[in-house]
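A closer look at the structure
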Amino acid sequence: MSDNPILDTGERRINEAVCIDTKRIFDSCVSKDCLENLRVTFFSRSQRLIDEAVTVKTRDCCIEEVSIDVEEVPFNRGFYSVDITFYFKLCFDTYAAPCTTPQVAIGFAHFNKKCILYGSDGDVKVFVSNPCSEALDCPVAPQYTNPVAKVQAVDPVILATDICDCCDCCVPICSSFPQSILNSVEDTMPSCGASKAILVTLGLFSIVQMERDTQILIPAYDYCVPDRECNCNTSNPCETFQSIDFPVDEFFPLDRDNNNGCTCCRTPETTEDNE
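Residues numbered from 1 in each chain as written. Predicted model: local features only at pLDDT ≥ 70, side-chain atom pairs only at ≥ 80, totals over all residues. Heavy atoms only, no water.

A word on helix α1 (residues 44-52)
Rule in force here: Categorising residues by exposure relies on relative accessible area from a 1.4 Å probe, with only protein chains included: less than 20% of the type maximum marks a residue as buried, more than 50% marks it as exposed, and the intermediate range marks it as partly exposed. The numbering of helices and of strands both runs from the N terminus, where a helix is a DSSP run of H or I of at least 4 residues and a strand a run of E of at least 2. Note that the arc is defined by the directions from the helix axis to the C-beta atoms. Note on contacts: a residue pair is in contact if any heavy atoms of the two residues lie within 4.5 Å.
Three or more residues of α1 are buried, namely Ser46, Gln47, Leu49 and Ile50. Buried residues along α1 cover an arc of 155 degrees about the axis, so they all sit on one side. On its buried side, α1 packs onto β2 (41-42), β3 (55-72), β4 (79-95), β5 (103-118), β9 (157-165) and β10 (196-220).

Next up, the structure:
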C-alpha cells in the first residue's frame, strides 16, 4: 500500500494533501442562562421618563458590547479561565398616563459569567513580513500563539419586566460602562434622586469557543472555481424584479405539519378534524 495520503472516495478524487494555517477549536461550551432581576441603568433624561411613568413596557433588548478576558488557570496546565461581560441595551415604552403616546427610554444592563476551557499549550512568537513596515524601518510587533476566546450569542429573550421603588430595590446599580456605549448616548449625565428602578429578566443563549492558531493537514479536491456567472443586469429594474419569486410563505403561514408541531399556527379546520 502506498504511503501517499491521497485517497479516492469514489465520488471525487482527492488530488493532494495540503497544509493550512488556521484556527483550531480546542474546546467549546454552550450556555443557556436565565438572567433574573437585572438592574437597568438610566441616564438623566430616560430616568426622568421612568420616574414619571405609570406603566413601562420593554420594547426590545440587544447585545451592545461583549468584554472577554482570558487568563491561564494556575496549577492546571492547558486550561484557561474566560471572563465574559455582556452589555445589553434596552428600549422601554413609558406611559405617563393611560391611553397616551408612549415615550421611549433607553437603559443599559450588564451580566458577568465565567467558564474554564481547554486551550492546549504553546507560547510561540510569530513574526510576519510586512513590506510597508520594512520600508519605514519599523518592524511589526510579534504575535503570540496564545489561545483566543470567541463568544457567539443572539439577542436575549425578554422574559419579565418589573418596576419598583428605588428604596425597595436591593440590586445595586452599575455606574461603569465601556466608552463605546457612552458615546452612543446623547445625554450621559448621571441620574440623581431617582425614585423608580427597572428590573428585567432575560434569557440568553451563547457559545464560547477556545481557539488557537495551528497547522492542519487537509485533503484538497480542486481549486474553488465559481460555476455561476454574476448577474450584472441593472439596466431594467422591472426585469430584475420579475425574476424574483413571489414570497408565498410571507402571505400564507405554514401549517402544523411544516411548523414542527407549533400549535399557535393551527387552522380551525385542523382543530375540528382532531376533535
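Details of the packing of aromatic side chains
Using the following cut-off: Only rings of Phe, Tyr and Trp enter the pairing, Trp through its six-membered ring, and a pair is recorded when the two centres are within 6.5 Å. The plane angle decides the type: under 30 degrees is stacked, over 60 is edge-to-face, the rest tilted. Two limits define a charge over a ring: the Lys NZ or Arg CZ must be within 6 Å of the ring centre, and within 35 degrees of the ring normal.
In total, this model carries 7 aromatic pairs according to the counting rule given. Pairing Phe79 with Tyr118 gives two aromatic rings, centres 5.2 Å apart and planes at 65 degrees, and the pair type is edge-to-face. Remark: Tyr118 occurs in strand β5 and Phe79 occurs in strand β4; sequence separation between them is 39 residues. For Phe79, a relative accessible area of 27% translates into the label partly exposed. What links up through ring pairs into an aromatic cluster is the set Phe43, Tyr87, Phe108 and Phe177. Sitting over the ring of Phe26, Arg24 keeps its end group 4.6 Å from the ring centre.

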